[in-house]
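Breakdown of the fold
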Amino acid sequence: MSRILLEANDLKKSFDHINGSITLFSSLNLRVKEGELVALIGPSGSGKSTLLHLFALLDEPSKGKIIVNNQDTKILSNNQKDELRKKNISIIFQDNNLLTDFTAIENVMMPLIIKNENKKIISQKAEKILKSLKIFNRSNHFPSQLSGGEQQRVAIARALIAETKIILADEPTGNLDFKTSKEIFSLFLKLKKLKKTIIFATHNRELANRADYKLFISDGNIKRMNDRK
Ligand code: ADP
Ligand code: MG
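Residues numbered from 1 in each chain as written. Chains lettered and ligands numbered in written order. Predicted model: local features only at pLDDT ≥ 70, side-chain atom pairs only at ≥ 80, totals over all residues. Heavy atoms only, no water.

If you check helix α5 (residues 148-161), its first and last C-alpha atoms are 20 Å apart, about what 14 residues at 1.5 Å a residue would give, namely 20 Å. A large share of α5 lies buried, amounting to 13 of its 14 residues. Downstream of α5 by one or two residues, glutamate 163 has phi in the positive range, about 50°. (Helix = DSSP H or I, 4+ residues; strand = E, 2+ residues; numbered from the N terminus. Expected span 1.5 Å × (residues − 1). Buried < 20%, exposed > 50% of the residue type's maximum accessible area, 1.4 Å probe, protein only.)

Taken together, six strands build an open sheet; the order of strands is β6-β7-β8-β3-β9-β10 and the sheet is mixed. Strand pairing shows two members of the sheet lacking a second neighbour, β6 (89-92) and β10 (221-225), which therefore form its edges. Each strand axis lies, on average, 20° off the axis of its neighbour in the sheet, ignoring direction. One ladder, built from four bridges, connects strand β3 (residues 37-41) with strand β9 (residues 213-218); its direction is parallel. (Pairing = 2+ DSSP bridges. Axes fitted to C-alpha atoms, helices over the stretch in contact; angles between N-to-C directions.)

Another aspect to go through is the site of ligand 1. All residues adjacent to ligand 1 are Phe15, His17, Ile22, Leu24, Pro43, Ser44, Gly45, Ser46, Gly47, Lys48, Ser49 and Thr50. One of the side-chain N or O atoms of lysine 48 is found 2.9 Å from an oxygen atom in ligand 1. One nitrogen or oxygen atom from the side chain of threonine 50 is found 2.5 Å from an oxygen atom belonging to ligand 1. Relative to its unbound accessible surface of 560 Å², ligand 1 loses 61% to contact with the protein. Broken down by secondary-structure element, the contributors of at least two residues to the shell around ligand 1 are β1 (4-17), β2 (20-33) and α1 (48-55). Here the shell around ligand 1 takes three residues from α1, the largest share from any one element. Looking at the shell around ligand 1, its residues break down into four nonpolar, seven polar and one charged. (Near = heavy atom within 4 Å. Polar contact = N/O pair within 3.5 Å; in protein donor to acceptor, adjacent residues only side chain to side chain. Areas by Shrake-Rupley, 256 points an atom, 1.4 Å probe, with all protein chains shown as cover. Nonpolar A, V, L, I, M, F, W, Y, C, P; charged D, E, K, R; others polar.)

The next subject is the coordination of the magnesium ion (ligand 2). By definition of the ideal shapes, a tetrahedral metal site with four donors has angles of 109.5 degrees and an octahedral site with six donors has angles of 90 or 180 degrees. Around the magnesium ion (ligand 2), the protein contributes the donor atoms Ser49 (OG) and Gln94 (OE1), at 2.0 to 2.6 Å from the metal centre. In this pair, serine 49 sits in helix α1 while glutamine 94 sits in the loop between β6 and α3 (104-114), placing the two residues 45 residues apart along the sequence. Serine 49 gets classed as partly exposed once you look at its relative accessible area, which sits at 22%. (Donors = N, O, S within 2.8 Å, 3.2 Å for Na, K, Ca; no water.)

Looking at chain direction, β1 and strand β4 (residues 63-68) are connected through five bridges and run antiparallel. When the sheet's bridge partners are listed, asparagine 9 is paired in β4 with lysine 65. The pairing of β4 with strand β5 (residues 71-72) spans two bridges and is classified as antiparallel. In the strand pairing of β5, isoleucine 67 is matched with aspartate 72. Here β4 folds back onto β5 in antiparallel fashion, the turn holding two residues, of which asparagine 69 has a positive phi close to 50°.

Okay, structure coming up:
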């Protein structure tokens, strides 16, 4: 039996707006195991990004709790959450969030620089990942000099360098052509073989169908669909 790495218990998330509050979900329960490749699908505005942010400990639930790698995160201070995230979770944001004043390779190196690892080793790792994503020739370019798809690949490289157990990806192939999207998906399959847990939000049906299963979020409910096992 594989270990459960991510868990949501009775999770509620509301946002307060001037015209009242909106509740995205009021009692969401979810368990994701080690080595699972999961597609998060659902209409725009259904809460996919919000759920990924909650799992990444970048936002607080209104009720209920998130458990990461057996650690109940509700009781943690912000510093402890940062530590837990750094150790366990990499995130590919929907709007890639690259640092504009740093080159592609510097962006990729950043998660390990923050961890104070050896700079030479970090740069070798970054080169290897950039090569595997076929973006190495753009290493010394700044984000503004790259196309949307190229920026997305740099953001993916940055998420992979820390080699965390959990990878959360918010529409990682949104800016990519179909061929590159399939390459990114193959990379996810390789990571799955390394027992990584990957949850990716997507509107791409074909890629979603190739995940281990789909989580369909809509009208405050989450439903597990199409298990391939
Ligand atoms: P999805 O990623 O599925 O398109 P989101 O999680 O981005 O959906 O958003 C779900 C809903 O929550 C949207 O209606 C959005 O306007 C609202 N929302 C998201 N973040 C905030 C926020 N920080 N403040 C207020 N409303 C928000
Ligand atoms: Mg979104």
